[in-house]
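Listed below, chain by chain, are the residues.
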Amino acid sequence: MSRPYWAESPNGLEATTPGRVRSRVSTILSGLAFVLFSGLAVAQETDGARAVQLPPDPPEAHLGFRPGEDRRVVDWRQATAYLEVLAGQSDRVRLDTIGRSTLDRPMLLLTITDPANHAELEKYRGTQALLADPRRIDGPGARAELIRTGRLVVLITSAIHPTEVGSSLVPLNLAYRLAAATDSALAEVLRECVVLIVPSLNPDGVDMVAEWYRESVGMPWEGSPPPRLYHHYTGHDNNRDWYSFTQVETRNVVEQVYNVWHPQIVHDIHQQGPYGSRYFVPPWTNPIEPNVDPLLTAATNSLGTAIAWQMLREGKQGVVVGSGYDAWSPARAYAHYHGAVRILSETASARLATPMEVPPGAVQVADPDGGDGAAWNDPVPWRGGSWSLGNILDYMEAGALALLRAAAASREAWLENFVSVGERAVAGWPAWPAAWVVPANQGNESGVAELTRILRTAQVEIDVSTGALTAGESSWPAGSLVIEMRQPYAAFAQMLLAPQSYPGGLEYPGGPPKAPYDVTAHNLPLFLGVRAVPTSQMPTGDMQRLEGPPGFGPRHVEGLSGRPGLLVGLYQPWVPATDEGWTRWLFDGYEVPYATVHDQQVRQGGLARRFTSIVLPSVEAPVLDSGWVRGSMPVEYTGGLGSAGARALREFVEEGGTLVALGRSASWVAEKLNLPVVDRLRGQPKEVFFAPGAQVSLQVDTTTSIGRDMQPRQAAWIEGGGAFDLPARSSAVSVATYGARPRVLSGWVHGASSLAGASAVVEVPLGSGRVVLFGIDPQQRGLSMATFPLLFNALRPAP
């Protein structure tokens, strides 16, 4: 743990450790009066003297409003100030910092449990570490004793997406409820559990959304989302970072919470759209990623339905299970590969903190059979009506408390399940190889370093050979990496190292393809351009364990990083685009000189006087055309590039600039600039072609300036995608194609044959400059290092 947050306290508190007894005379007197008249204060013996533990203050005593009031949101300083006070007042609550956010705000961790448990937290952390690695347990007797005496660790995370404003407020209510609880059910929770709460996974966004919403109240755009990404780099995709660990907030939580406490249950609090169910919890829909242990799937089903049952008993309507959310992508589910269940909750939203009316006919049904009445997974549907922030907090709090009560009642069963998952991993699964080998001397040190960083951040054990390795008839040179598949987190390694075979299908016979909740592929070697080899025998030879903290490898692009006289204009639409944020993150990491450019600046023209190249990240055509319409936002955020922007971009290229268009923007550029290129996928229905995120094979022309430094055959990411045909006598040059027989290397593409013979990357001369069109996403979520060179080469001055 890092230092307690009191060191940075705006209130100047002396400490925020549990059990700090208020010492001022007025406080003691008021406390004694409270004892006499309410009987609720708890007397404690301290060094032979009698002191009084007062009930803690509720959030409204310090916020100035009750959480859940219409049009009232919390900013991060308000939240941290209250949590400091709570930790100072309650011997059940400890507050720590676990690092700093991207924009240097403190990230917090609350540890809430019975005072007797607080006194032995180090012992319980040690117990968790042993249960997480059954190889260290000294026999069945020791195993049984650890389960008997251990505590169930429940991690609650919240406010990763701050436009889900209830998730910024509910941690304050939950912490208070646990700190002030006097009922037997919550007393059992505090006795049997150590409850960890990360009140925000994105404190920067909490402040940004709070500021935007407060300024918008009373305006026509009240309740609209802000015109910027609510995470500095990734926006909504900060919840797609839980296996690649690119963002500092993700690493803080993984390294300081998950890897320290090894929780058995993770409750991830979210909000969904306003027109669906009022509350979702698992069971998940199919498919479930095949390396998730069946014991975790069964435990998730049991706990999720128990939560739903309890909420229905409390009179809640529209509580749904098994609808909309699958468990395929690991990008949201670190817990699944570390012995824990992940209970995602999704509460229906309002218009930020502004209430709304949902007409009965607008409510989307959850019945998987398409009915409009009660169903097995939605036994008491919500039929519509008013919906407010107060409703949101009511459902969120009810769900979290139902989870805690149900879990605490089965503490030993949860610990037994946890250690059993680890034992099964250590024994190895029949479908897993004995080991994975990453051969040395691949000529891709940066890719191998990134693979190593990711696996080791997730506590996967990696050995490096000090001499030659052999396994059967195979051999590998010194310096090769070995990941043995009989270790506690082997499932994490297998999930990333083996290619994905996604079970895609249609909504109904002859219908459109059924969309996954997220993307369908996550193969790390393909992303990084690294070769990893499964072997059915454990390699033999001299090896030593990789030790030391994992970190990013060197990030430098020859001829681009920090180059004088070069400046990239990175287009940032006012309708936030996650691809823009990821591109900005990449440029910052590799020190690519750039400046952000908005719609108005592009429309004004004169771009060649400032920029050597301009990048349009992957953005939908309507956003490029029109952006926000007038009246829906302050006027300075309305309008897109439009025809004026298209003319300015063409002028920029004709005057010698390079325009790079990524993903969905490429087809728009080809049309608006009247380029001699045709995107064959433009306007095609999903029944013909649908790429929800997969890894496909490219054939790269390495003789081109953009294709240099690439392998002739390379994996690339396609999501939506473009496939370009070059008409006869076209001046365009094909840099990379999908090949005559397109290959899906990992994941699922419906109608992949539509890519046959088409170009994936095209360079088009125009005037004194050039346009480079990417039908692929070369910088997908900051991870697809194998195709970074295509983008970087496009940004270098043309030879």
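Everything here concerns the structure above.
Summarised in this report is the structure supplied together with it. (Residues numbered from 1 in each chain as written. Predicted model: local features only at pLDDT ≥ 70, side-chain atom pairs only at ≥ 80, totals over all residues. Heavy atoms only, no water.)

**Brief notes about helix 10 (residues 248-261)**
Relative to the 20 Å expected for 14 residues at 1.5 Å per residue, helix 10 spans 19 Å between its end C-alpha atoms, a close match to the ideal helical length. If you look at helix 10, its biggest bend is around 30 degrees, right at Val254. Within helix 10, 10 of the 14 residues are buried, which leaves it mostly tucked inside the rest of the structure. Of the residues making up helix 10, those classed as buried are Glu249, Thr250, Arg251, Asn252, Val253, Val254, Val257, Tyr258, Asn259 and Trp261. Looking one or two residues beyond helix 10, the residue adopting positive phi is His262, at roughly 45 degrees. (Helix = DSSP H or I, 4+ residues; strand = E, 2+ residues; numbered from the N terminus. Expected span 1.5 Å × (residues − 1). Bend = angle between axes of the 7 residues up to and from the residue. Buried < 20%, exposed > 50% of the residue type's maximum accessible area, 1.4 Å probe, protein only.)

**Things to note about the packing of aromatic side chains**
How two aromatic rings sit relative to each other is set out by the distance from centre to centre and by the angle between their planes. Tallying each qualifying case throughout the model produces 24 aromatic pairs. On the basis of an interplanar angle of 85 degrees and a centroid distance of 6.1 Å, the ring pair of Trp582 and Trp585 is categorised as edge-to-face. One end of the pair, Trp582, and the other, Trp585, are both in helix 17 (residues 578-589), three residues apart, so they sit about a helical turn from each other. Ring pairs connect the aromatic residues Trp242, Phe245, Tyr258, Tyr334, Tyr337 and Phe492, which therefore count as one cluster. Its guanidinium or amino end placed over the ring of Trp387, Arg278 lies 4.6 Å from that ring's centre, counting from NZ or CZ. The ring centre of Trp309 lies 5.8 Å from the NZ or CZ of Arg313, which sits over that ring. (Phe/Tyr/Trp six-rings, centres within 6.5 Å; stacked < 30°, edge-to-face > 60°. Lys NZ or Arg CZ within 6 Å of the ring centre and 35° of its normal.)

**Topic: unusual backbone geometry**
A cis geometry characterises the amide bond from Pro282 onward to Pro283, with omega recorded as 25 degrees. Relative to the helices and strands, Pro283 is located in the loop between strand 8 (279-281) and strand 9 (285-288). Here Gln459, not a glycine, exhibits a phi torsion of approximately 65 degrees, which is positive. Along the polypeptide, Gln459 turns up in the loop between helix 14 (445-457) and strand 16 (463-465). Positive phi outside glycine occurs at Arg729, with the angle close to 65 degrees. Checked against the element boundaries, Arg729 lands in the loop between strand 29 (724-725) and strand 30 (733-737). A relative accessible area of 83% places Arg729 in the exposed class.

**Some remarks on the sheet that holds strand 10 (residues 319-321)**
Across the sheet, eight strands lie side by side as 3-4-6-5-7-12-8-10; this open sheet has mixed pairing. Strands with a single pairing partner mark the edges of an open sheet, and in this sheet they are strand 3 (93-100) and strand 10. On average, each strand axis in the sheet is tilted by 20 degrees relative to the strand beside it, whichever way the strands run. With three bridges joining them, strand 8 and strand 10 adopt parallel strand pairing. Bridged to Phe280 within strand 10 is Val320. (Pairing = 2+ DSSP bridges. Axes fitted to C-alpha atoms, helices over the stretch in contact; angles between N-to-C directions.)

**Some details on the pattern of salt bridges**
Within this structure, the stated rule accounts for 37 salt bridges. Note that Asp237 and Arg781 form a salt bridge whose closest N and O atoms lie 3.3 Å from each other. Highlighted residues: Asp237 in the loop between helix 9 (203-216) and helix 10 and Arg781 in the loop between strand 33 (769-774) and helix 22 (788-795), separated in sequence by 544 residues. Taken individually, Asp237 and Arg781 each receive the classification buried, so the pair is uniform in this respect. With a closest N to O distance of 3.5 Å, Asp625 and Lys672 form a salt bridge. Taken together, the residues Asp625 in helix 19 (residues 621-626) and Lys672 in helix 21 (residues 664-672) connect sequence positions 47 residues apart. Since its relative accessible area comes to 29%, Asp625 is described here as partly exposed. Within this structure, Asp133, Arg135, Glu461, Asp463 and Arg545 form a network of salt bridges that share partners. (Salt bridge = Lys/Arg side-chain N within 4 Å of Asp/Glu carboxyl O.)

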